[in-house]
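If you want the building blocks of each chain, they are given just below.
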Amino acid sequence: MTDFSSVPVLSFDRVRLEPLTAAHEAGLREAVCDGEVWKLNVTTAPEPDQVADYIRTATQTRLAFAVIDEDTGKIVGSTSLYHIDPTIPRLYIGFTWYALSARRTRINTACKIMLLDYVFDTLNCRCVCWQTDNLNTASQRAIERLGAHQDGILRRHKLRKDGSVRDTVEYSLLREEWPQARAKLLKKAAAYDAS
């Protein structure tokens, strides 16, 4: 039977995902301060003084990872698996945020390759989903570059940090779509390495 309760250590292209713990607090605080990521209204990044609470909530409610750049040894963000439905099986990837210095680098591509390999090949998921704020066009473009399909928009779905109500854009990627999407992501990863 597939184990949906444990968080593995994953590594690819000099990026490591490891189970988020309280030991990552100082590194996450430094990462969230890099670019003042918590100030972005469309991100789940915590304020620096709320990192401990963020870790506690993340580890209690989802399979949460710290993202480590193995070139520097620094924690550069966090990502999670959540809304896991083992009966299908299906889950969401989200609560993803990166330090400003890690954006538009190989980090996100490597993370998505690792996570999607894990959920499709190890957890045998049939479908992986994403949700993002309708105002977060950068996130939408990144999800679409993964090969995900936009399923629709959930209107007046969630509160933003500032109290406004957001619409949520919903995406999915099916297991049978992953091989082609993976090939494109591997080319993208190789291009980062060549530059």
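Heads up: these notes are all about the structure in this document. None of these values were measured; they are calculated from a predicted model. (Residues numbered from 1 in each chain as written. Predicted model: local features only at pLDDT ≥ 70, side-chain atom pairs only at ≥ 80, totals over all residues. Heavy atoms only, no water.)

For the pair helix 3 (residues 106–122) and helix 5 (residues 178–194), the least separation of the axes is 10 Å and the interaxial angle reads 150°. Considering the angle they form, helix 3 stands roughly antiparallel to helix 5. Along this stretch, helix 3 crosses helix 5, giving a crossing that reads as left-handed. Between helix 3 and helix 5, the residues in contact are Arg106, Thr109, Lys112, Ile113, Leu116, Asp117 and Phe120 and Trp178, Arg182, Leu185, Leu186, Lys188, Ala189, Tyr192 and Asp193, respectively. Grouping the amino acids of the contact of helix 3 with helix 5 by side-chain chemistry returns 8 nonpolar, 1 polar and 6 charged. (Axes fitted to C-alpha atoms, helices over the stretch in contact; angles between N-to-C directions. Helix = DSSP H or I, 4+ residues; strand = E, 2+ residues; numbered from the N terminus. Parallel < 35°, antiparallel > 145°, perpendicular 65-115°, else oblique. Left-handed = near helix turned anticlockwise from the far one by under 90°. Contact = heavy atoms within 4.5 Å. Nonpolar A, V, L, I, M, F, W, Y, C, P; charged D, E, K, R; others polar.)

The strand order across the open sheet built from 8 strands is 1-2-3-4-5-6-8-7, with neighbouring strands paired in mixed fashion. The two strands at the open ends of the sheet, each matched to only one other strand, are strand 1 (10–12) and strand 7 (149–159). Across the sheet, the mean angle from the axis of one strand to that of its neighbour is 25°, orientation sign disregarded. Strands in contact with helix 3 are strand 1, strand 2 (15–19), strand 3 (63–69), strand 4 (74–85), strand 5 (90–98), strand 6 (127–133) and strand 8 (165–174); relative to strand 5, the strand with the most contacts, it is inclined by about 160°. Running over the sheet, helix 4 (residues 137–145) touches strand 6, strand 7 and strand 8 and is turned about 160° from strand 6. (Pairing = 2+ DSSP bridges.)

Where strand 1 and strand 2 come together, 3 bridges link them in antiparallel fashion. Note that in strand 2 the partner of Phe12 across the bridge is Val15. The turn linking strand 1 back onto strand 2 is made up of 2 residues, and Asp13 within it adopts a positive phi angle of 50°. Across 5 bridges, the pairing between strand 2 and strand 3 is antiparallel. When the bridges of strand 3 are listed, Pro19 appears paired with Phe65.

The final tally for this structure, using the stated rule, is 4 aromatic pairs. Relative to Phe95, the ring of Tyr82 lies with its centre 4.9 Å away and its plane at 80°, an arrangement referred to as edge-to-face. Of this pair, Tyr82 sits in strand 4 while Phe95 is found in strand 5, placing the two residues 13 residues apart along the sequence. Taking relative accessible area as the criterion, Phe95 reaches 27% and is therefore assigned partly exposed. In this structure an aromatic cluster arises from ring pairing among Tyr82, Tyr92 and Phe95. One cation-aromatic arrangement involves Arg62 over Phe95; the distance from NZ or CZ to the ring centre is 3.7 Å. (Phe/Tyr/Trp six-rings, centres within 6.5 Å; stacked < 30°, edge-to-face > 60°. Buried < 20%, exposed > 50% of the residue type's maximum accessible area, 1.4 Å probe, protein only. Lys NZ or Arg CZ within 6 Å of the ring centre and 35° of its normal.)

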